[in-house]
Amino acid sequence: MASTKDVIDHHLTAFGAGDLDGVMADYASDAVMFLPDTTLKGSAAIRPVFQALIAEFAKPGATFELLHQSFDGEYYYQRWRAETADNSYDAATDSFVVRAGQIVAQSFNAVITPK
């Protein structure tokens, strides 16, 4: 079974490659994603979030900087910042819970400034 680090490494690599199916393969079908204004339940509800993000980050000039990572058993936390043609992402954070080789919960927050 894949470790938390294995799953997160795959997740980040798939996102960086613009591989939507690869990103979504990391999520359990009943995963929960906590966003600043809503909670999404199930991988089908989470998919459009990544579809939009992958499209945004595929535009020329996008940058992503991973500032911090912490792993503790089934838990993972990351802090990052990014720039795209559309937005600046500052003080961005994600927290994940990985069980049985799949992401079962994620939270995301950032200061997003439209350009």
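These numbers come from a predicted model, not from an experiment.

Caption draft 1: Representation of helix α3 (residues 43–57) within the structure. For α3, which comprises 15 residues, the first-to-last C-alpha distance of 21 Å matches the rise-based estimate of 21 Å (1.5 Å per residue) to within 8%. Among all positions of α3, only I46, F50, I54, E56 and F57 are buried. Along the axis of α3, the buried positions cluster into a sector of 155°, meaning they face one direction only.

Caption draft 2: Quick look at the packing of aromatic side chains. One pass over the full model with this rule turns up 9 aromatic pairs. Note on W80 and Y89: the rings are 5.7 Å apart at their centroids and 35° apart in plane angle, and the pair reads as tilted. Accessibility classification places W80 together with Y89 in one group, the buried group. Put simply, the rings of F15, Y27, F50, F57, F64, W80, Y89 and F108 touch in pairs and so form one group of aromatic residues.

Caption draft 3: Spotlight on the layout of surface pockets. Computed from the structure, the largest pocket encloses a volume of approximately 460 Å³. Looking at the largest pocket, it is lined by 22 residues, and the ones nearest its centre are F15, F50, L53, W80 and F108. The set of elements that each furnish at least two residues to the lining of the largest pocket consists of α1 (4–16), α3, β4 (75–83), β5 (87–99) and β6 (102–114). Per-element tally for the lining of the largest pocket: the top contributor is α3, with 6 residues. In the lining of the largest pocket, the residues fall into 16 nonpolar, 4 polar and 2 charged.

Basis of the calculations
Residues numbered from 1 in each chain as written. Predicted model: local features only at pLDDT ≥ 70, side-chain atom pairs only at ≥ 80, totals over all residues. Heavy atoms only, no water. Helix = DSSP H or I, 4+ residues; strand = E, 2+ residues; numbered from the N terminus. Expected span 1.5 Å × (residues − 1). Buried < 20%, exposed > 50% of the residue type's maximum accessible area, 1.4 Å probe, protein only. Arc of directions from axis to C-beta. Phe/Tyr/Trp six-rings, centres within 6.5 Å; stacked < 30°, edge-to-face > 60°. 1 Å grid on protein atoms, 1.4 Å probe; cavity = no way out; pocket = protein on both sides within 12 Å on 5 of 7 lines; lining within 4 Å. Points joined across faces, edges and corners; volume = space filled by probe spheres on them. Nonpolar A, V, L, I, M, F, W, Y, C, P; charged D, E, K, R; others polar.

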